[in-house]
Amino acid sequence: MRITDLLDKRSISLTAAPKSKEEALNEAIALMAESGKINDTEGYRRQVFAREEESTTGVGEGIAIPHGKCAAVNRPGLAAMVIKDGVDFESLDGEPVTLLFLIAAPDTKDNVHLDVLSKLSMMLMDEEFTKNLRNASTAEEFLEIIDKADEEKKSVDERLSDINKADDSRVKILAVTSCPTGIAHTYMAAEGLEKAAKAKNCYIKVETRGSGGAKNVLTDKDIEEADFIIIAADAKVPMERFDGKKLIERQVSDGINKADELIDLAIKGEAPVYKSGVRSDDEVEKTTTKKGIGHKIYTQLMNGVSHMLPFVVGGGILIAISFLIDGFAVDINSLSAAERSSFGSITDAARLFNEIGNVAFKFMLPVLAGFIAMAIGDRPALAVGFVGGMMAANGTSGFLGALAAGFAAGYIVLLLVKLCSKLPDALEKIAPVLIYPVVGILVMGLLMKFAVEPVMGYINTAMNNGLKSMGSGSRIVLGLVLGGMMAIDMGGPFNKAAYVFGTASIASGNYDMMASVMIGGMVPPCAIALATIIFKNKFSKQERQSGPTNLIMGLAFITEGAIPYAAADPFRVIPACVVGSGVAGALSMAFKCTLMAPHGGIFVVPVMGNKFMYLLALVIGTAVSTVLLGILKKKQTN
């Protein structure tokens with residue numbers, strides 16, 4: 001198969017003039033549709049835009065290669081646009097795009113077209129080739145330029161394996177390139193690194209890990225003889241094989257746009273020695289693109305949040321189902337106060353769902369802390385983070401304590417790594433299986449027991465005393481405070497203090513306080529669910545996908561559904577939720593709403609007093625938080 005077999009004359013525009021990136025993509029998709037290679041234009045459009053949300057396909061030097069692989073594609077195809085005046089495409093180098101190739105790939109096991117598309121990607125690294133394409137006057141000439149270059153250039157396999165021979169006098173560099181889709185960026189990075197290495201008279205061999213699998217795989221002999229390893233990848237690469245070699249890791253885009261810089265680092269040998277299973281903080285700082293301490297903390301945080309999310313969603317929905325089962329099976333008005341406190345576990349079926357859901361919830365904070373720690377100190381930090389997160393879950397500190405535990409665990413292990421690097425080789429080898437876990441867990445436990453938990457416990461006691469003193473004051477102000485406290489830490493000392501105060505008020509016959517407490521806990525997940533639908537550009541793809549499940553959890557009074565969103569962006573999400581929850585709590589008190597059950601959300605409507613006004617307060621509070629989330633949160637690029 002040749003490149004021109006995928007490119008139809010009807011899918012070429014040499015006079016395109018889009019005014020924006022979105023307009024450019026839509027024009028290219030329309031050209032693809034003209035060729036008859038897609039059976040569902042809207043389905044293909046969604047896939048192309050979804051891929052663009054992950055990261056820009058504007059690779060620099062005025063070139064963009066957007067692509068979509070899905071069932072909406074009948075057969076592989078290309079569409080091409082020459083944009084004389086250029087268009088802002090959020091490219092990696094900030095330059096406007098003047099040459100765009102759109103790829104359509106069917107979602108099948110037959111990947112014969114991938115070699116062709118990969119070859120085109122590598123050809124686009126040739127400045128003379130792209131210059132000729134931009135200057136083509138007709139679609140026929142455009143196709144002829146591509147066909148001629150296709151004839152002259154070797155296949156991907158031949159070009160990757162056709163490297164200059166190694167000799168002892170030159171730097172021997174190995175590289176691995178990979179991107180999430182594995183169609184274009186992988187091969188462009190390989191081409192960029194190879195050109196830069198040859199220009200500086202270095203030996204290089206590049207392993208590509210694309211959609212068609214790994215090619216030009218590095219052998220044990222290659223790795224043993226190598227002076228330097230370059231990893232230019234946005235997808236997972238097997239790393240254990242590089243133990244003991246000087247290595248740098250960068251984004252795949254750096255292999256395209258910063259190949260010269262990477263090769264210079266390799267020639268100078270400026271990189272730490274990679275140790276399989278653990279990476280020091282210095283290594284992380286030197287081997288990643290410099291995006292500042294804030295970006296580094298954010299990526300570490302998101303590693304914990306993304307791993308925690310399935311536990312929150314799975315456990316939360318199962319608990320909500322338990323409330324639903326009891327809501328249908330029993331008459332809550334006929335239950336005693338003690339029986340109402342067990343709502344969600346009264347019938348056997350509800351109890352089963354509730355138990356399984358709560359088991360999943362118990363993993364939530366340990367997983368959050370563990371994987372934050374792992375992002376900092378690699379695998380040895382995982383166990384240390386789990387222990388800190390479990391102590392936070394079982395103590396008074398909640399998710400804020402788990403966040404602190406995750407970061408503390410990561411840096412505890414990094415400190416141990418530095419200390420153990422001075423030990424004799426025999427002892428250093430056993431450090432990951434003995435010293436790191438034993439000493440790390442001990443230090444983590446002591447830190448949680450004697451620092452984090454006592455501080456949180458003191459705060460909890462102080463807040464309970466403060467709430468008791470407010471009880472005789474303004475009821476509306478008390479409702480505002482109780483509702484807001486439920487949203488501050490969503491399971492931590494603020495939340496627990498408000499909840500305990502609410503449940504205690506039920507025992508004393510005051511049902512209005514529990515109403516404010518519950519509505520304050522329902523607002524955050526409900527607001528996040530709506531915000532992910534209304535303000536899509538303010539949330540990541542994963543957050544948008546999980547967002548609607550928060551509505552179910554929110555209506556069931558499972559505030560924890562909002563934790564992943566609060567953990568990912570606490571300085572914007574928490575204030576937005578606190579304000580809405582406070583408004584809802586104050587309105588509940590102003591409307592003289594009451595609640596005779598300590599949990600259950602809308603499933604305990606029968607024991608609510610002034611229930612319609614209570615639902616109105618919930619709607620208003622949710623709307624306030626939703627709007628604030630839309631205002632406060634920044635636009636996402638993924």
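Keep in mind it's a predicted model, so treat the numbers as computed, not measured.

Novice: If you had to explain the overall build of the chain to someone new, which residues and values would you point to?
Specialist: Secondary structure assignment for the chain yields 25 helices and 13 strands. By principal-axis analysis of the C-alpha atoms, the chain measures approximately 85 × 65 × 40 Å. Counting across all 638 residues of the chain, residues that qualify as buried make up 54%. Put simply, 73% of the contacts in the chain that link residues at least 6 apart link residues at least 24 apart. Working note: accessible area of the chain is about 26,600 Å², and carbon and sulfur atoms make up 59% of it.

Novice: How would you sum up the pairing of strand β6 (residues 97-106)? Please name residues and give values.
Specialist: Counting buried positions over the 10 residues of β6 gives 10, a clear majority of the element. With 2 bridges joining them, strand β3 (residues 63-64) and β6 adopt parallel strand pairing. Looking across to β6, one finds that I63 is bridged to L99. Examined bridge by bridge, strand β4 (residues 67-70) and β6 share 4 bridges and lie parallel to one another. Bridging across to β6, H67 finds its partner in I103. As judged from the 7 bridges shared by strand β5 (residues 77-87) and β6, these two strands associate in the antiparallel manner. Bridge pairing in β6 places A79 opposite L102.

Novice: Which residues make up the nonpolar core, and what values go with them?
Specialist: One finds L595 and V604 to be the most contacted residues of the largest nonpolar core, which totals 95 residues. The greatest single-element share of this core, amounting to 12 residues, is contributed by helix α16 (residues 398-420). Taken together, domain 3 (293-468) and domain 4 (472-632) each give at least three residues to this core, which thus spans both. Not counting residues up to four positions away in its chain, the partners in contact with L595 are I506, Y511, M514, A515, M518, V604, V607, M608 and Y614. Among the nonpolar cores identified, the runner-up in size contains 33 residues, and I12, L78, L143 and I146 belong to it.

Novice: Go over helix α1 (residues 21-34), please, and point to the residues and values.
Specialist: Between its first and last C-alpha atoms α1 spans 20 Å; for 14 residues at 1.5 Å apiece the expected length is 20 Å, and the two agree. Among the residues of α1, K21, A24, L25, A28, I29, L31 and M32 are the ones counted as buried. Buried positions in α1, seen along its axis, are confined to an arc of 155° and lie on one side of it. At the C-terminal side of α1, G36 shows a positive phi close to 75°.

Novice: Give me the lowdown on helix α19 (residues 493-507), citing residues and values where you can.
Specialist: Given a rise of 1.5 Å per residue, 15 residues ought to cover 21 Å, and the 21 Å separating the end C-alpha atoms of α19 matches this to within 8%. Those residues of α19 that sit buried are P493, N495, A497, A498, F501, G502, S505 and I506. G509 occupies a position one or two residues after α19 and carries a positive phi of about 90°.

Novice: Describe the packing of helix α24 (residues 570-590) against helix α25 (residues 611-632), naming the residues involved and giving the relevant values.
Specialist: Put simply, α24 and α25 touch, their axes get as near as 8 Å, and they point 160° apart. By the criterion of interaxial angle, the relationship of α24 to α25 is roughly antiparallel. α25 is crossed by α24, and the crossing has right-handed handedness. Here R572, V573, A576, C577, V579, G580, S581, V583, A584, L587 and S588 of α24 lie close against α25, whose contacting residues are Y614, A617, I620, G621, V624, S625, L628, L629 and L632. Among the residues forming the contact of α24 with α25, the class breakdown is 14 nonpolar, 5 polar and 1 charged.

Novice: Hey, could you go over the domain arrangement of the chain for me, with residue numbers and the actual values?
Specialist: As a measure of interface size, the accessible area lost when the parts come together is often cited. Segmenting the chain into domains produces domain 1 (3-160), domain 2 (172-274), domain 3 (293-468) and domain 4 (472-632). Using C-alpha coordinates to define each centre, domain 3 is positioned 22 Å away from domain 4. Summed over both partners, the interface of domain 3 with domain 4 buries about 3,200 Å², with 78% contributed by carbon and sulfur atoms. When the buried surface of domain 3 facing domain 4 is broken down by residue, R340, F399 and L467 rank first, second and third, together holding 21% of it. Where domain 3 meets domain 4, there are 0 salt bridges. At the boundary of domain 3 and domain 4, one finds 3 residue pairs in polar contact (both at pLDDT 80 or more). The set of elements that each furnish at least two residues to the side of domain 3 that touches domain 4 consists of α12 (292-329), α14 (348-377), α16 and α17 (425-470). In terms of residues, the side of domain 3 that touches domain 4 owes the most to one element, α12, which gives 15 residues. Looking at the side of domain 3 that touches domain 4, its residues break down into 25 nonpolar, 11 polar and 2 charged.

Novice: Break down unusual backbone geometry for me, with residues and values.
Specialist: With a phi angle near 60°, N201 is a residue other than glycine that sits in the positive phi range. In this structure, N201 sits in the loop between α7 (185-199) and β8 (203-210). Accessibility expressed as a relative area gives 47% for N201, which makes it partly exposed. For K592, which is not glycine, the phi torsion reads 60° and is therefore positive.

Novice: Help me get a handle on the pattern of salt bridges, residues and values and all.
Specialist: Oppositely charged side chains are able to pair whenever their charged atoms sit close together. Under the criterion given, the structure shown has 18 salt bridges. One salt bridge connects R241 with E207, and the closest N-O pair in it is separated by 2.9 Å. In this pair, R241 is assigned in the loop between β10 (228-233) and β11 (247-250) and E207 in strand β8, connecting sequence segments 34 residues apart. For E207, a relative accessible area of 0% puts it in the buried group. One salt bridge in this structure joins R250 and E261, with 3.1 Å as the shortest N-O distance. Here R250, found in strand β11, pairs with E261, found in helix α10 (residues 259-268); they are 11 residues apart in sequence, far enough to count as distant. Judged by relative accessible area, which is 12%, R250 ranks as buried. Residue class for E261 comes out partly exposed when judged on its relative accessible area of 37%. Salt bridges sharing common partners tie together K21, E52 and E90.

About the criteria used
- Residues numbered from 1 in each chain as written.
- Predicted model: local features only at pLDDT ≥ 70, side-chain atom pairs only at ≥ 80, totals over all residues.
- Heavy atoms only, no water.
- Helix = DSSP H or I, 4+ residues; strand = E, 2+ residues; numbered from the N terminus.
- Buried < 20%, exposed > 50% of the residue type's maximum accessible area, 1.4 Å probe, protein only.
- Contact = heavy atoms within 4.5 Å.
- Areas by Shrake-Rupley, 256 points an atom, 1.4 Å probe, with all protein chains shown as cover.
- Pairing = 2+ DSSP bridges.
- Core = buried A, V, L, I, M, F, W, Y, C linked by side-chain atoms within 4.5 Å.
- Domains from an automatic or database assignment.
- Expected span 1.5 Å × (residues − 1).
- Arc of directions from axis to C-beta.
- Axes fitted to C-alpha atoms, helices over the stretch in contact; angles between N-to-C directions.
- Parallel < 35°, antiparallel > 145°, perpendicular 65-115°, else oblique.
- Left-handed = near helix turned anticlockwise from the far one by under 90°.
- Nonpolar A, V, L, I, M, F, W, Y, C, P; charged D, E, K, R; others polar.
- Buried area = accessible area lost by both parts, 1.4 Å probe.
- Salt bridge = Lys/Arg side-chain N within 4 Å of Asp/Glu carboxyl O.
- Polar contact = N/O pair within 3.5 Å; in protein donor to acceptor, adjacent residues only side chain to side chain.

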